[in-house]
Structure formats: structure tokens, C-alpha cells
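Geometric and topological summary
Listed below are the residues making up each chain.
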Amino acid sequence: MSRENRDRSLRELMDRRGLGALLLSSPANFAWYTGGADNRVDHGGPVGVASVLVTTDEAYILTNNIEAPRMREEQTPEMEVVEHPWPEEPAALLRELTGGSSLGTDFASEFGPDLSAEISPLRYVLDGDAIEHYRLLGADTAQAVSEAAGSLSPDTDELDAAAELSAACIRRGMFAPVLFAASEERLVRHRHPVPHGGPLGKQAMLVVCAERGGLFVSLTRMIYFQEPDPQTARRQAACGEILRRMREEATREGRTLAQAFEDCRRFYAEAGFPEGWRDHHQGGMTGYASREIIATPGTQQEIREGQAFAWNPSLEGAKAEETFVLGSDGPEILTRS
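Brief notes about the pattern of salt bridges
A side chain of one charge can pair with a side chain of the opposite charge when the charged atoms of the two come close. The final tally for this structure, using the stated rule, is 31 salt bridges. The residue Arg70 makes a salt bridge to Glu67 at a minimum N-O spacing of 2.8 Å. Note that Glu249 is salt-bridged to Arg245, the shortest N-O span being 3.0 Å. Of this pair, Glu249 and Arg245 both sit in helix H9 (residues 230–250), separated by 4 residues, roughly a single helical turn. Residue classification places Glu249 among the partly exposed positions, given a relative accessible area of 27%. By relative accessible area, which is 15% here, Arg245 ends up buried. Through salt bridges that share partners, Arg245, Glu249, Arg255, Asp263, Arg266 and Glu270 make up one connected network.

Spelled out as C-alpha cells, the structure:
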């Protein structure tokens with residue numbers, strides 16, 4: 001979606017809600033609107049240090065005097081940046097820029113109604129520029145995981161493995177809000193084995209959700225330092241087959257995520273693990289969040305061309321995960337090694 005189309009979509013929303021302006025402060029919506037700019041300093045905060053203000057005929061970057069130079073020079077040089085003194089709230093500046101019009105936001109605030117649930121769907125279908133950025137991000141994520149995997153041995157500690165993966169991501173300009181490096185012992189006990197410490201042993205799992213330019217790539221790789229036992233090999237093969245079928249059979253234009261989820265349950269059964277889906281969510285739509293929407297039996301979100309997906313089937317000691325975009329010719333995997 002071009003900037004012109006983004007403005008049109010947002011102004012149509014403003015018209016429907018009788019508003020004179022919209023303030024986008026969440027990192028996801030800021031990145032979507034600006035084509036990949038980052039408004040964060042604290043990655044743990046729900047809103048950033050700069051916002052996009054869209055009025056009936058203009059668009060601005062609104063921030064304080066601390067962040068304004070960086071926004072002008074590095075993040076949003078093509079947009080007009082307006083600033084207020086850091087000790088002051090932006091209310092007066094908002095009134096000046098909007099002419100006192102009613103204002104909607106994408107977060108809970110005193111400025112106006114929270115329209116995040118109506119704004120988020122506007123970013124689900126990715127434009128050509130976003131998809132091209134996504135291809136580069138997917139390739140870099142796959143390289144980062146491969147680089148980290150190549151540094152590991154059975155004696156490597158989980159925390160050291162996590163540090164290697166984190167460093168490989170940072171070297172490529174990526175932030176990793178989700179990062180697992182799990183030992184043989186812990187990956188069979190926990191579906192979310194946040195690094196805890198201890199040697200990897202004969203098997204390990206690396207998992208990362210890597211973000212750059214607001215887009216997220218999810219990828220899991222299993223590492224075997226010796227041949228896995230037959231049961232582990234069977235479970236891993238089943239996860240790989242379920243993932244392939246989710247990509248090639250379930251994720252099709254015009255279907256819903258609920259229908260894809262029903263297929264997923266069937267794929268588990270046909271792989272010999274009819275209850276395997278119960279122990280972990282199976283993923284869903286990705287893009288400007290690690291999971292924009294997680295598929296469930298009740299998720300009626302329509303699947304459309306230009307959306308991105310990250311399915312993650314798992315069984316005890318086994319998992320498969322990748323990121324792909326649904327294109328006109330079918331799924332395009334972004335995370336091939």
C-alpha cells in the first residue's frame with residue numbers, strides 16, 4: 001500500500017468515525033505508515049517516542065525536541081517533523097495542527113477514542129515495497145540462524161547459544177523480541193524454552209522472531225549433533241510435513257484462518273498425532289507483529305494475497321517454523337537457508 005493509499009484508507013476511517021485527525025503511535029502502525037521507520041527507544045513500551053499525525057489534508061511526524069533531530073536525519077527525513085518541548089505534553093501542538101478537530105488514536109489515551117482494532121487490518125496486506133524489504137529480512141534471518149548454529153557444540157551453554165543468535169541478528173540490524181536457544185533436555189519439556197542455562201547436549205533448537213523496519217520474520221531450526229532417535233526423527237518429520245501442508249494446502253486466497261486451523265488439526269491426525277495440536281498454538285498471520293492474528297477455530301479473518309504467514313507445528317522435542325508471503329503464484333518462502 002503506497003503512502004497515498006495509506007492516507008486514503010486512514011481518511012476513509014476518519015470519515016466513517018466523524019474525526020478530523022488520527023494519531024498513530026504504536027511501533028507497528030508507525031513503521032507501516034512510514035515504510036519502515038522506527039519510533040522506539042524503549043522496545044518494551046506500547047507506544048513510541050514519535051507519532052504520525054494524519055489530518056484531513058496533511059501528515060506530520062509529531063515528537064519532542066529530544067527525538068526530532070534523529071527523526072529528521074535518520075528515520076523520517078521525507079516527512080515534516082513538528083516538535084514540542086520534552087517536559088510538555090503535546091496537547092497544545094495537537095490542537096494547533098488539527099484546528100481543534102476531534103482526534104482518534106491507536107492506543108488508549110486522553111486524546112480520543114482508541115481505534116487500533118480498526119487501524120490494524122489496514123496493514124495486513126503488504127505492498128510491493130514491504131514485500132521486497134521482507135525478502136531481505138527473511139534472507140538475513142536465515143543467515144543469522146545458520147551462523148549461530150554453526151558456532152554451537154554439545155557443550156555450549158543455552159545462554160551462550162542465545163548470545164550467539166542475538167549477536168548474529170544485531171549484526172544484521174535486526175531486533176529479536178522472541179529468541180530461544182534450547183537444550184535437548186529443555187526442548188522436550190517446554191514449548192517455549194526461554195534460555196535458562198545448561199549444556200545443549202546432543203540436540204538443540206534455535207527459534208527467533210526477528211524484526212527490522214517493523215516487519216517480523218519467525219524461524220525455527222533444529223540442530224542435531226548426532227543422529228536423532230527414531231521417535232524424535234518421526235516427530236520432526238511430522239512437523240515438517242504439517243508445515244508444508246499448511247503452506248501449500250491450507251493457506252489459500254479466500255479461505256479463513258479458522259478453515260486453515262481445521263485443516264491443521266486434520267494434518268496432525270493424518271501424520272499420526274491427532275491430539276498434537278493441543279499443546280501449542282499453531283501460528284497464523286504475521287507482518288508488522290510477530291503474529292498479527294493467531295489462528296483458532298473461531299478466527300474468521302480472510303486469507304488474501306499479499307499477506308504473510310508463520311505457521312509453527314510442534315510435537316514433543318520437535319518443531320517446524322518458517323515465514324512466507326502468499327503471492328499471485330502461491331506461497332513464497334522468505335526464510336530458506
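Examining the environment of Leu53
You can see Leu53 is positioned in strand E2 (residues 50–55). The buried category is assigned to Leu53, whose relative accessible area is 0%. Separated by 188 residues in the primary sequence, Leu53 and Glu241 place their C-alpha atoms 46 Å from one another.

Remarks on the pairing of strand E11 (residues 308–311)
Burial of E11 is two-sided: the residues Ala308 and Ala310 facing one way and the residues Phe309 and Trp311 facing the other way are all buried. Taken together, the 2 bridges between E11 and strand E14 (residues 324–327) define a ladder with antiparallel strand orientation. Considered in E14, the bridge of Phe309 is made with Phe324.

Quick notes on the packing of helix H6 (residues 128–150) against helix H7 (residues 158–170)
Across the interface, H6 lies against H7 with an axial gap of 8 Å and an inter-helix angle of 145°. Of the two possible hands of crossing, H6 and H7 adopt the one that is right-handed. Side by side, H6 and H7 meet where Ala144, Val145, Glu147 and Ala148 of the first sit next to Glu164, Leu165, Ala168 and Cys169 of the second. Residues that form the contact of H6 with H7 fall into these classes: 6 nonpolar, no polar and 2 charged.

Side note on the state of the cysteines
Under the counting rule described, the total for this entry stands at 0 disulfides. In this structure Cys169 is a free cysteine whose sulfur lies 10 Å from that of Cys209, the closest cysteine sulfur available. The class of Cys169 is buried, set by a relative accessible area of 1%. As a non-bridged cysteine, Cys264 has Cys239 as the owner of its nearest cysteine sulfur, 9.9 Å distant.

Structural notes on helix H2 (residues 27–34)
Structural remark: α-helix, 3.6 residues per turn; residues separated by three or four positions point the same way. Among the 8 residues of H2, 8 are classified as buried, and the element is accordingly described as predominantly covered. Burial in H2 covers these residues: Pro27, Ala28, Asn29, Phe30, Ala31, Trp32, Tyr33 and Thr34. Count one or two residues on from H2 and you reach Gly35, which has phi positive near 75°.

Things to note about the packing of aromatic side chains
According to the stated counting rule, one finds 3 aromatic pairs in the structure shown. Relative to Trp311, the ring of Phe309 has its centre 6.3 Å away and its plane inclined at 10°; by these criteria the two rings are stacked. For Trp311, a relative accessible area of 1% translates into the label buried. Ring pairing ties together the aromatic residues Phe309, Trp311 and Phe324, which thus form one cluster. When the ring centre of Trp277 is taken as reference, the NZ or CZ atom of Arg265 above it lies at 4.8 Å.

Cut-offs used in this document
- Numbers given to residues run from 1 along each chain, matching the order in which its sequence is written.
- With the structure being a predicted model, the display of local features is reserved for residues of pLDDT at least 70 and the display and counting of side-chain atom pairs for 80 or more, all residues being used for whole-chain, interface and lining totals.
- The basis for every side-chain value is the complete set of non-hydrogen atoms in the structure, without hydrogens or water.
- A pairing counts as a salt bridge when a side-chain nitrogen of Lys or Arg comes within 4 Å of a carboxyl oxygen of Asp or Glu.
- Starting at the N terminus, helices and strands are each numbered in turn, a helix being any DSSP run of H or I of at least four residues and a strand any DSSP run of E of at least two.
- Think of it in three bands: residues with accessible area under 20% of the maximum for their type are buried, residues over 50% are exposed, and the middle band is partly exposed, with areas taken using a 1.4 Å probe on protein chains only.
- Paired strands, in this sense, are two strands between which DSSP finds at least two bridges.
- Helix axes are fitted to C-alpha atoms over the stretch in contact, other axes to C-alpha atoms as well, and angles between N-to-C directions run from 0 to 180 degrees.
- Crossings are assigned a handedness: left-handed for a near helix turned anticlockwise from the far helix by less than a right angle, right-handed for a clockwise turn.
- Any two residues having at least one pair of non-hydrogen atoms within 4.5 Å are treated as being in contact.
- Under the scheme applied, nonpolar residues are Ala, Val, Leu, Ile, Met, Phe, Trp, Tyr, Cys and Pro; charged residues are Asp, Glu, Lys and Arg; polar residues are all the others, including Gly.
- Pairs of cysteine sulfur atoms within 2.5 Å are identified as disulfides in what follows.
- Note on aromatic contacts: the rings of Phe and Tyr and the six-membered ring of Trp form a pair at centre separations within 6.5 Å, being stacked when their planes are under 30 degrees apart, edge-to-face when over 60 apart, and tilted otherwise.
- Counted as over-ring charges are cases with an Arg CZ or a Lys NZ within 6 Å of the ring centre that also lie within 35 degrees of the ring normal.

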